[in-house]
Amino acid sequence: MRMDEQLVDKLPPGGLGWIRETLSAHAPELTIPDFFPPAGGMMMVSMLRLSEAGIIFPLQDPRQLLEKITQAAESLEANLAPQMRALGALKSDGFDNLAIAARLTLALRAKGVCPTTLAGIDVLAEYVESTSRVQAVEKTAEDLSASHVQPFRLSADQLALAQTLAGFASYLDAAKACGLPDLSDPDFIEALKAQVSMLAAMPPPKLELSPVEIGMIADLDNIHRAFGEDALTPANVTRVNALLNAIAEMEVHMPADAEILAEKLIVTPALQHVRQGLKAFETGGAAIAASAAVSAPTVFGDLPIIAFIERAAALSSVLELTFGKPALLPCNDCLFPIDKISANLSQVTVPDLPLELVN
């Protein structure tokens, strides 16, 4: 069954109106906006942002958190400074185009089709069936042209409801990663506010790496994974240009109604994610209502410490691919012993853990 067919009889009735009515029942003292905010509102967005950091850093121990993020900053600077000097000279339209070609190649390989093999540029044994798979797609397109494509089964309001519920899917795991109370706890929002306030008072370390530089590291990793370690040589760039020219000449003619259906299916969430989101919604309705009722980022904002933690988490995942092992916590690629860092930071004032977060 298509995803829309799986969902059509599983969604609560009423579209987004059902969300507002249910939240009003959970928290009748709050005013739920007519336009339901993305991801459930600012408070839930802050929790999701924090949860990514909570996987790597100890958010429940302010002193240890400062030590660990300081170690991470020194580690990242030492690991990346030599790379960044070399990468700075590579930044160009040609590099950006190569990165786009790499992302295209990796995305198609994930579906069992290798562009380099398909174009005869670099035939890889594991993708020898690329041509037959593309031919199967072309045959399917021809068959669709001669048959009736069943229309999309969800109304616009049902699709919006499914997308909203799927956006709640990670709430329960995110609350746990942050060390917060259960989503059903009546003090959940106050605990989240307390955690954010604590982090706002933390002195962030310096990390002189911009998002553009982080993006270049990720791009370079994709380029090497797609085209090999010699990817930036003139000979390989010529091969990639030949690859792109070959792919540009390929055509798969889809009927208009099938293309319209495909565009809608791309943004249709999986039934599993909708069910997970519905469970979180039923568990934490009052917390989601409180978050939705916040009309502006009154407690979160763009906290420097959060910006650093997010950047470090993103870099960690990139470096893990680059070095083949976790790059942060513990620091495996440079010598920054945590006991020395602890001693250096012993006189730095850090906030206490709020009472709302003490188990």
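Read on for an overview of the structure. This is a predicted model, so every value here is computed, not measured. (Residues numbered from 1 in each chain as written. Predicted model: local features only at pLDDT ≥ 70, side-chain atom pairs only at ≥ 80, totals over all residues. Heavy atoms only, no water.)

Focus: a nonpolar patch on the surface
To be explicit about the condition: For patch detection, residues must exceed 30% relative accessible area and be free of salt bridges, and they are connected within 9 Å for like charges or within 5 Å for nonpolar side chains (Val, Leu, Ile, Met, Phe, Trp, Tyr). To be clear on the numbers: accessible area is Shrake-Rupley with a 1.4 Å probe, and residue cover counts the displayed protein chains and nothing else. A pairing counts as a salt bridge when a side-chain nitrogen of Lys or Arg comes within 4 Å of a carboxyl oxygen of Asp or Glu. In this description a helix means any DSSP run of H or I spanning at least four residues, a strand means any run of E spanning at least two, and both kinds are numbered starting from the N terminus.
On the surface, V137, V252 and M254 cluster together to form a nonpolar patch covering roughly 210 Å² of accessible area. Mapped onto the secondary structure, M254 falls in the loop between α12 (234-248) and α13 (256-266).

What to know about the packing of helix α3 (residues 42-54) against helix α15 (residues 285-292)
Which entries qualify depends on this criterion: Only the contacting stretch of a helix is used when fitting its axis, a line to C-alpha atoms as for every element, and angles between N-to-C directions run 0 to 180 degrees. Every angle not falling under 35 degrees, over 145, or within 65 to 115 is termed oblique; those three ranges are roughly parallel, roughly antiparallel and roughly perpendicular. Only heavy atoms matter for contacts: two residues are in contact if any of them lie within 4.5 Å across the pair. Side-chain classes follow a simple rule in which Ala, Val, Leu, Ile, Met, Phe, Trp, Tyr, Cys and Pro form the nonpolar group, Asp, Glu, Lys and Arg form the charged group, and the remainder, Gly included, forms the polar group.
At a closest axis distance of 6 Å, the pairing of α3 and α15 adopts a crossing angle of 110°. With respect to each other, α3 and α15 are oriented roughly perpendicular. Between α3 and α15, the residues in contact are M42, M43 and M44 and A287, I288 and S291, respectively. Of the residues in the contact of α3 with α15, the class split is 5 nonpolar, 1 polar and no charged.

Observations concerning the layout of surface pockets
Let me state the cut-off plainly: Think of a 1 Å grid over just the protein atoms. A cavity is a set of points where a 1.4 Å probe fits yet cannot get out, a pocket is an open set with protein on both sides within 12 Å along at least five of seven lines, and lining residues have an atom within 4 Å of a point. Grid points are joined across faces, edges and corners, and a volume is the space filled by probe spheres set on the points.
Volume-wise, the largest pocket comes out at about 460 Å³. Secondary-structure elements contributing two or more residues to the lining of the largest pocket are α5 (93-109), α6 (115-118) and α7 (130-145). Its residues placed into classes, the lining of the largest pocket shows 10 nonpolar, no polar and 2 charged. Forming the walls of the second largest pocket are L144, V149, M254, A258, E259, L261, A262, E263, L265 and I266. Across the lining of the second largest pocket, the residue classes break down as 8 nonpolar, no polar and 2 charged.

What to know about helix α14 (residues 271-283)
Defined as follows: Given the number of residues in a helix, its expected span is that number minus one, multiplied by 1.5 Å. Between buried and exposed lies partly exposed: a residue is buried under 20% and exposed over 50% of the maximum accessible area for its type, with that area taken using a 1.4 Å probe on protein chains only.
Between the first and last C-alpha of α14 there are 18 Å, a value that for 13 residues agrees with the 18 Å anticipated at 1.5 Å per step. When α14 is considered as a whole, its buried residues turn out to be L271, V274, G277, L278, A280 and F281. Its buried side turned inward, α14 meets α1 (3-7), α2 (16-26), α8 (156-166), α9 (171-177) and α15.

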